[in-house]
Each structure stands twice: as structure tokens, then as C-alpha cells.
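Fold and contact review
Spelled out from the first residue to the last, the chains are:
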Amino acid sequence: MLQPMGWDAFGLPAENAAMANGVPPAKWTYDNIAYMKKQLQSLGFAIDWERELATCSPRYYRWNQWLFLRMLERGLVYKKTGTVNWDPVDQTVLANEQVIDGRGWRTGALIEKREIPMYYLRITAYAEELLASLDELPGWPERVKTMQANWIGKSHGVNIGFPYELGGEKKLLRVFTTRADTLMGATFCAVAAEHPLAAHAAKSDPKLAAFVEECKRGPMMEADLAQLDKKGMPTGLFVTHPISGEKIEVWVGNYVLMAYGEGAVMGVPGHDERDFAFAKNYGLPIKPVIDVGGKPYSTDAWQPWYADYGRCVNSGKYDGLDYRAAVETIAADLKRKGLGDKQITWRLRDWGISRQRYWGTPIPIVHCPSCGDVPVPDGELPVVLPENLVPDGTGNPLAKTPSFVNCKCPKCGKAAKRETDTMDTFVDSSWYFLRFACPDQEKAPVDERVQYWMPVDQYIGGIEHAILHLLYSRFWTKVMRDLGLISVGEPFTKLLTQGMVLNEIFYRKEGGGRITYYNPADVELKHDDKGQRVGAVLRSDGKPVESDGIGTMSKSKNNGVDPQDLIEKYGADTARFFIMSTSPPEMTLLWSDAGVAGASRFLSRLWESAYEFRQTIQPNLPAKRTLARVRLPEGLAGTRREVHLNLKQATFDVLRAQFNTVTSACQKILNALRAAPKEPAAAHAEIFEEGLSVLLLLLSPISPHISHYLWRELGFGKDVLKAPWPETDARALEQDEIELVLQVNGKLRGHMRAPKSARAACARARRGDALHQWPGGEEGRRGSRAAGQCGRLTVSCTLPPRPRSSLAAASSSAARRSCLSRRFTFREARRS
RNA sequence: GCCGGGAUGGCGGAACUGGUAGACGCAGCGGACUCAAAAUCCGCCGGUGGCAACACCAUGUGGGUUCGAUUCCCUCUCCCGGCACCA
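It should be emphasised that the depicted structure is a prediction, and the values quoted were computed from it without experimental measurement.

The rules we used
Residues numbered from 1 in each chain as written. Chains lettered and ligands numbered in written order. Predicted model: local features only at pLDDT ≥ 70, side-chain atom pairs only at ≥ 80, totals over all residues. Heavy atoms only, no water. Helix = DSSP H or I, 4+ residues; strand = E, 2+ residues; numbered from the N terminus. Buried < 20%, exposed > 50% of the residue type's maximum accessible area, 1.4 Å probe, protein only. Contact = heavy atoms within 4.5 Å. Areas by Shrake-Rupley, 256 points an atom, 1.4 Å probe, with all protein chains shown as cover. Arc of directions from axis to C-beta. Polar contact = N/O pair within 3.5 Å; in protein donor to acceptor, adjacent residues only side chain to side chain. Pairing = 2+ DSSP bridges. Axes fitted to C-alpha atoms, helices over the stretch in contact; angles between N-to-C directions. Core = buried A, V, L, I, M, F, W, Y, C linked by side-chain atoms within 4.5 Å. Phe/Tyr/Trp six-rings, centres within 6.5 Å; stacked < 30°, edge-to-face > 60°. Salt bridge = Lys/Arg side-chain N within 4 Å of Asp/Glu carboxyl O. Left-handed = near helix turned anticlockwise from the far one by under 90°. Nonpolar A, V, L, I, M, F, W, Y, C, P; charged D, E, K, R; others polar. Parallel < 35°, antiparallel > 145°, perpendicular 65-115°, else oblique.

1. Some words on the overall build of chain A
For chain A, the helix and strand inventory stands at 27 helices and 35 strands. With 832 residues in all, chain A has 47% of them scored as buried. Looking at chain A alone, contacts between residues at least 24 apart form 67% of all its contacts between residues at least 6 apart. Total accessible area computed for chain A in this model is approximately 41,100 Å², and 52% of it derives from carbon and sulfur atoms.

2. Focus: helix α9 (residues 273-282)
For α9, every residue scored as buried is listed here: Asp275, Phe276, Phe278 and Ala279. In a view along the axis of α9, the buried residues occupy a sector of 165 degrees, so they form one face of it. Structurally, α9 contributes buried residues whose contacts are with β10 (188-191), β11 (232-240), β12 (247-253) and β13 (264-267). Regarding α9, its N-cap is aspartate 272, as a side-chain oxygen of that residue lies 3.0 Å from the backbone nitrogen of arginine 274 further along. Two residues or fewer after α9 comes glycine 283, characterised by a positive phi angle close to 65 degrees.

3. Observations concerning the environment of alanine 132
Considering the arrangement of structural elements, one finds alanine 132 in helix α4 (residues 127-132). A residue is classified by how much of its surface remains accessible, and alanine 132, at 44% relative accessible area, is partly exposed. Placed 17 residues apart in sequence, alanine 132 and alanine 149 show a C-alpha to C-alpha distance of 8.9 Å.

4. Considering unusual backbone geometry
The omega torsion across leucine 381 and proline 382 is 0 degrees, close enough to zero to call that bond cis. Within the element layout of this structure, proline 382 appears in the loop between β20 (372-375) and α11 (402-405). Look at the link from methionine 454 to proline 455: it is a cis peptide, with omega at 0 degrees. The backbone of asparagine 558 shows a phi angle near 50 degrees, a positive value even though the residue is not glycine. Turning to its location among the elements, asparagine 558 is positioned in the loop between β30 (546-552) and α16 (564-570).

5. Re the environment of proline 13
Residue position: proline 13 is located in helix α1 (residues 12-21). A residue is classified by how much of its surface remains accessible, and proline 13, at 36% relative accessible area, is partly exposed. In this structure proline 13 touches Trp28 and Lys555, once residues within four positions along its chain are discounted.

6. Observations concerning the side chain of arginine 179
Inspection of the secondary structure assignment puts arginine 179 in the loop between β9 (169-177) and β10. Side chain to side chain, arginine 179 and aspartate 181 meet in a polar contact 2.9 Å long. Arginine 179 has contacts with Met266, Ile290, Ala307, Asp308, Tyr309 and Tyr323, leaving out every residue within four places of it along the chain.

7. Considering the sheet that holds strand β3 (residues 77-87)
Spatial ordering of the open sheet is given by β4-β3-β7-β17, a layout of four strands whose pairing is antiparallel. Here the strands that pair on one side only, and so sit at the sheet edges, are β4 (92-94) and β17 (351-352).

8. Some thoughts on the side chain of arginine 70
Its place among the elements puts arginine 70 in helix α3 (residues 58-73). Separated by 3.1 Å, the side chains of arginine 70 and aspartate 378 make a polar contact.

9. Quick notes on the sheet that holds β11
Within the open sheet, the four strands sit side by side as β11-β12-β10-β13. Their pairing is mixed. Looking at which strands have only one partner, the edges of the open sheet turn out to be β11 and β13. Neighbour-to-neighbour, the strand axes of the sheet open up by a mean angle of 30 degrees, direction not taken into account. Judged from the four bridges that link them, β10 and β12 form a sheet pairing that is parallel. Counterpart to valine 191 in the pairing with β12 is valine 252. Along the sheet, helix α6 (residues 196-203) makes contact with β10, β11 and β12, crossing β11 at roughly 105 degrees.

10. Digging into the nonpolar core
One broad rule of soluble globular proteins: the nonpolar side chains tend to lie buried together. Counting 83 residues, the largest nonpolar core has Phe68, Trp351, Leu434, Trp476 and Met480 as the members making the most contacts within it. With residues near it in sequence (within four places) discarded, methionine 480 still touches Leu67, Trp431, Leu434, Val446, Leu485 and Ile486. Counting residues in hydrophobic clusters, the runner-up holds 55 residues, among them Ala180, Leu197, Ala202 and Tyr318.

11. Overview of the pairing of strand β22 (residues 415-418)
Sheet topology places strand β19 (residues 365-368) next to β22; two bridges connect them, and they run antiparallel. Looking at the pairing, histidine 367 lines up with lysine 417 of β22. Of the strand pairs in this sheet, strand β21 (residues 406-408) and β22 are connected by three bridges, and their pairing is antiparallel. Across the sheet, residue cysteine 407 finds its bridge partner in β22, namely alanine 416. The antiparallel pairing of β21 with β22 creates a hairpin that spans six residues between the two strands, and glycine 413 there sits at a positive phi of about 80 degrees.

12. Some thoughts on the packing of aromatic side chains
In the structure shown here, the tally under the stated rule is 38 aromatic pairs. A centroid spacing of 5.8 Å and a plane angle of 80 degrees characterise the contact between phenylalanine 68 and tyrosine 119, whose relative ring orientation is edge-to-face. Remark: tyrosine 119 occurs in strand β7 (residues 112-121) and phenylalanine 68 occurs in helix α3; sequence separation between them is 51 residues. Taking 5.0 Å as the distance between ring centres and 55 degrees as the angle between the ring planes, the aromatic pair formed by phenylalanine 278 and tyrosine 282 counts as tilted. Of this pair, phenylalanine 278 and tyrosine 282 both sit in helix α9, separated by four residues, roughly a single helical turn.

13. Things to note about the pattern of salt bridges
This structure, assessed with the given rule, holds 34 salt bridges. The closest approach of N and O atoms between glutamate 73 and arginine 70, which form a salt bridge, is 2.8 Å. Residue glutamate 73 and its partner arginine 70 are located together in helix α3, separated by three residues, close to a single helical turn. By relative accessible area, which is 12% here, arginine 70 ends up buried. One salt-bridge network, held together by shared partners, links Glu129, Arg474, Lys478, Arg481, Asp482 and Glu490.

14. Considering the pairing of β12
Most of β12 is tucked away: five of the seven residues are buried. In the sheet, β11 pairs with β12 via six bridges, with the strands oriented antiparallel. The residue of β12 that forms the bridge with valine 239 is isoleucine 248. Counting the residues between successive antiparallel strands, the hairpin from β11 to β12 contains six residues, one of them, glycine 245, with a positive phi of roughly 80 degrees.

15. A look at the packing of helix α17 (residues 572-582) against helix α20 (residues 660-675)
Between α17 and α20, the least distance of the axes is 6 Å, while the angle of their chain directions is 115 degrees. Where α17 crosses over α20, the handedness of that crossing is left-handed. Contacts from Phe577, Met580 and Ser581 of α17 reach α20 at Asn660, Thr663 and Gln667. Broken down by class, the residue content of the contact of α17 with α20 amounts to two nonpolar, four polar and no charged.

16. A look at the packing of α17 against helix α22 (residues 704-713)
At a minimum axis distance of 7 Å, the contact between α17 and α22 shows a crossing angle of 120 degrees. Here α22 runs oblique to α17, going by the angle between their axes. Every residue of α22 that contacts α17 at Ala572, Asp573 and Arg576 is listed here: Pro704, His705 and Ile706. Across the contact of α17 with α22, the residue classes break down as three nonpolar, one polar and two charged.

Shown next, in the form of C-alpha cells:
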């Protein structure tokens, strides 16, 4: 078992803190690491600190650079332009989260888009494997695998070429569609603003040029892009329909993504919702070509079933074909004409890793005026990041540091410039888990020790990483496997995705569009006399702050909580117990401090009970233990049953990582022990001893310090963490009598004590009068069955819903079914 | 907008394979102890009606399947996460 800890230490938060405090990101980062390490140590986690690493250390990031160079050699790295957010006032590139409502967060300036050269990793080369091997991950939550599969987005379709002539040259406008069966309904084509055809048409049409520019200025994020009004403008260019030969106009549409498929789509307004809206807006023809079960089609308004699969109509020779046949036939026809073929397209895009920022891994490339882009030779690695710079928000400090930028070309030795972009921090987190196997290895990123530890048996991460981080890690692992560095293709066998801890977000908008966030701990809520919230003010100045709702705890929104306060006030055991008890790990958690006191009270009660046991109960312990053999008095048997019932449940819950109910089981056991009858003293002592030992073992992973101490104090053993997990005694769960729950038509109609045997229980239920008041009485109890739960038996007597003479009753399914299940059937309770 | 989740008392949550909804805890109320307070201990604690036994309503909304639905299916609403430069 190995539980390591590393610091994912590069990235924006350090730069922002540096700007705010005027200290270099390195100092801020190392101070934070020291603080958090102390905190983790005081919480008592069993972390192997010998393997500690920080991604901002050259000992780590040199291997990012080394691996980048290996990928470059294998053609997995390439350079092309990419779009970034440009703040014209600060003359700097902004991250998406630094752009708020289209404006820079520090300057309030309108953000522009810029195209700049960047390095890309060819993750799409692994798309097929990344998708297929999701099936080899039974230990991953379904929802994460679904999200990844959707993100990779494999779609089978047809690539269709629409011929056109430009300046006497024959060309093809290529589109990709998954609905080639609707090809005969294509009435226009639309291209992205970045498409070469749009650029060409814009040259001679100032209005169109303005529109193309407007589209290019628009938002960069897909989320914002998707919410734009569907707008377009004709290019004046026409292409030829590849089958019908009709002329079709090409439009520029702001809803067409250059990054997906060919950056162009065929418009089939009859069967695509977006195309329908577009055609309605601009008066383009709508031609229905699919018949869905004969339903009447109207072009007045879009109906969701218009996009359903059906049979081709109005499609000439394709009429009558279903989806599959139509796609096959059309693809074959296009192929024969050289105008298309079946094609698989992926939604997944290559991974742009260049960041125009300081606090990251330098990209090991030198730009030489004569040799071009030259990789830094392995022997010169690492390219060390200077640690004394302080960013001021205006551009990348590296680019302003001549001692970093100016260098010699590794090839020709002449003066050259170092690349000043750094790597996306996802690179750091894509393989750090491998490095834990051999953090001291200075000659390679990993060595043979990685074979022993990999893959990671249990990986825990926030659900917010469901796609990007986990996909990048899977990709990187496969790349390292193909480089011969490791032998596994998947990094994480089992995955637990934690829900996030949420907290309220408070902010003030200041002059120039700047936004300042305030920590909820510094904010006081105002209520009216009915207890309704009416506002919030900052404690320090009493002036109002705005609420931005509830969101993930993050540095950028300043709504985090420091667990140190809990530790200082209550101690690590209480803090741990409270955190574990408050909700299951997968669930999101809205932070609240209420409830910590309860955890503390529980541990105090446990402490008291333990000492009460040692002083007054333990002396009564018989020399020979008799629990297994001797019949206990009713009350104490109940106590023991409670202990073992909770042990059984807690064991199940530990295995499914539902720790909040384990804490609850601990509390139930203590409650039961404290309420147990004190006589006979010897039996009581035995039950108490057994119960306490079970309780301490269940509690030991949650609150290890108190468990360890009491375990020793009570003489159970030296080290509670080394003691085996307790076993449920099935005999402790047995009961002579059970509580019978009586149900009539699924409704609770009474309780009764009854013998354990199901047959006897049912006989008594039949004799008893609990059910006699219900219409039908003995006669009406036709279908009855028993279902058991929690050591009990549920008898449900089904009555015909209406008098049996009624015709309606005879035909009703309820009556029929109740006649079918004429006999009493029984099911023994699972737990008894 | 698209993809993935979630919604249960005043609050966090429990309910395993469809079978007693609200375990355990927090807050609240009442009581004991105390000169008093704190701490601790005992009791009550979803809503409506009823002296009570009990009945009816109730797991975001509306529908469906079932003898029986918090649990399965469909619809809608709201909230959270992701949407490729927060990580």
C-alpha cells in the first residue's frame, strides 16, 4: 500500500497571488506547500513523504520537457495557430476564466481574439483507443465513462463534396454529415467564418467581410458560442448538389464550428433544428425528404420528430430506403463520382499546450534565424524557469527577461531566442502518479520500479476532472507505453470521483469592470424579522456585497475554507470524523460548520464510556469468554444484535466507500452499549468489551488517534491499525421473534410480534385480527406475499380492487394478478 | 445550447435487490441537575385532523408501470459540474 502526495504547483493561482502580493510565484508556492504539508501531517494521514514531489521543481518538470521532445520525434507534437483571448489594455493573453462578460477581469477592456502559433499534442491519434479501452475500466463510474465517450465523440457519417468553380479552377466544398440520408433535402450550405471560402468571398463584399469579422470577434468558449443567435450571410457563391446537380448557395453561419469536421455543413432545414431555424430566419427553402411513420409534415414550426429516422421521400432513386440503406447507397454513389465517401469524425480535438505565461514548464525549443525551431538537446535539459520574476499582468515576464530569452542555437551556435511559452499545467498532472514510483531517479522519468506499482489501484479525484485531466492522463499513459517506458495502457484501475465542496460566492464590482471576491467567512448575512435573507455585508466595512450564488470552492472565487480552524478548535480526530460523516464522497457538499460540535461530543462520550468500562465493567469480565455459547438474556442479546447489525452494515459501507454511514454505525453502537442492561454483570461486561472493540476498529480509519489510544488503554492490543477487521457473528443476528409488518395493497396496516418461521408468522397473522377490519377479510386475502427487511417480515394481502362480481374487476390487471398469486409466499429477511 | 449528475423534515443526510420513508447527527422545544449559567443527562421533534386509538397527506413537478415506487420509465422545473487557457 502506497499513499503518496505531490504538489500540482504550476499555474495561474500562483501568478495571481504574486501580482496581488508583489512576491514571486515561487516563494508563494513554496510557502503554501509548507503550510499545507503541516496541515496534512497534523490531520494524521498515512502519507509517504519520502516520495513527495512538486511539479514546479526542475527535477520534475525536466521530464515534461524530455517527454515533449520524445513526442516531437514521434510526430506527436506539431505547430499550428490557435485562438487566444487578447486584452488590448494589458497587452496580454487571458485565460477563459479571466474573461468575464467579454471583458478582461483586471482592465475591464473588451477582449479580442488573436491567432498565434502554438504547439499541439496529437491526442486524436489515440482517439480510437481512448474510446475503446473505456470498456476495460469496470472500476470507473459509468457517468465518467459516458462523459469521456461523448467528449471523444466518434461519429460515423459521410464526407460529401459539393463541386464549384472559382477563377476557372474546379474545387470541392467538403462537408461532413451523419445524416447523408437527408442529402436530397439540402437547400444551402453554411461555412464557418474562419473557412477559406468565407475569406475569399469577403474580399469582394465589404458587408460580408464585416460579418466575418464580427463572428471572429465573438466569444471563444463553446458554451458562449452555442448560445449566440443563429446568424448568417450569403457569400454569393454557389456550389452544385452532388446528386441532383442543383445550384446551392453558400452562406457564412456563426453556428458552424471550424474546429469540427470540415468547418462546413450542408443545410437540411427539413430535418435539422438549427438549419430549420436558420432557413426560417432567412427565407431559405425547406424540403422534407424523410417520412417518419406517415406523420404530417408542416414547415410552419419545428417538431422534434422531424429529426427522427425514417424512409426517404422526395429523393428520386433513394425513395423508400431506410436510414442505413440510404446512407450506404448515397455514399456508394458519391464515391463512384469521386465526390465523397463514408468517414468517421471525432469531436475530440488535438491538445494545444502552449501558454503565454510565466509559471509553467518552459517549452524546450530554441528559435534560430537560420535553423528555425530547434529542439533543446537532452543534455541541456532542463530549461530552467527563473524563480525570481514577479508578473505584473502585462504579458509574459519570461519574454521580458533577456537572460532567459537570449541563447545560442544548439545546431549552428549562433545567437537565437528561446521559446517563452510554457506548457499547459495539465501536462504536469498527466503523469505525476508514475513518478511517485521512483521520485529519486535522475536519469529517466521512470524506471523499472514503476512496473511494481502501476497501475494505480484506487485513484481519487474531483468530478470536475471527469473529462480533461482523466483523459489527458489516459492519453499520456498510452504514449509512455508506446515509448517503451511503462507497460500499462490505463493508469487508474478504480476511480472514485469526489463531489465538490461548494460554498457561497460574494463579490463587488469596482470601477473599470474589475471584480473582487470576498470570503464567506468575512461576510455577514442580513435577515428580516421573518428570517428571510435580505442581503449580505462585508464585516470589515459593513457595506453590502453581491452574491454570485453557490459554486466550487476555488482560489479565484475566494470562497475556500481552511480546515486548520477546525483542527485547532476540535483536533484532527473530530475534524476527520465530521468531514467523513457529513455526506458520501461522491456527493457535492455545501459547506457548513454546524455539526462539528456533535462529532466532538460523540468522541467525548466514547472516551468516557471507555474509562467507565475500564474502571467498573472490565473487572466483571469472566475468565472464560462465553458469548458464542451461552444464551444471553433478551435485553443484552438485543445489544449484541445491534453491535453486529451495525458491524455488518459498516463493513458493507466501507467497501462501497460510503463512509458517512460508517460514522453513523459507530454512533449507533455506542448508543446501544450505553443503553444496555447492566445485569448480569459478567454478560454485560462481555458484550461491552466486544462492542467497544468493534467500535474502535470501525472508527480507527476515521479517527485514528483516539482509536489507537483507547485500543491500547483497554488492553485490546498494541496497535489498532494492525488488528484485523472484525467479523460479523451470524448467531448474534438471530431472533426468536420478529416484528411483522402487515401491508394491505402496499399500505402499512399494522404491526405484530411473530415467530421467526415465516410459515408460523403468516399463520399467526391470519389468526390475528389486525387484518380483519379490511374489506374482504379472510375471504379477500387472495394474493399475499411476504417481503422481509431489517429482520422483519412484511405480509401484504392483496384485495381485488372492486367487488368480484364487477366486470371491470375481472378485466383489471390487479384482480388478475391477485388471482394468480393465490398462495402465501415467504421470503426470509436478508439480515435475520 | 450540448454532455453528465442532483433534488428526501428547519439543516446535513439514511433507506442494501421496489417492501415500516425520515436511521444517525445538527438546530429547536420541554424537563432534570445548578444559587445561576455552561457542560451533561432524560423526553419531544414532517404536515393536517383527532382526547386518543388512528386516519389522511408527504421524498422538486406532472404522468406511467406495479398489490406496493425515494428506488424503475417518460415529461417538465430548479440547482451543480464540464464545454478544450481555472485545475
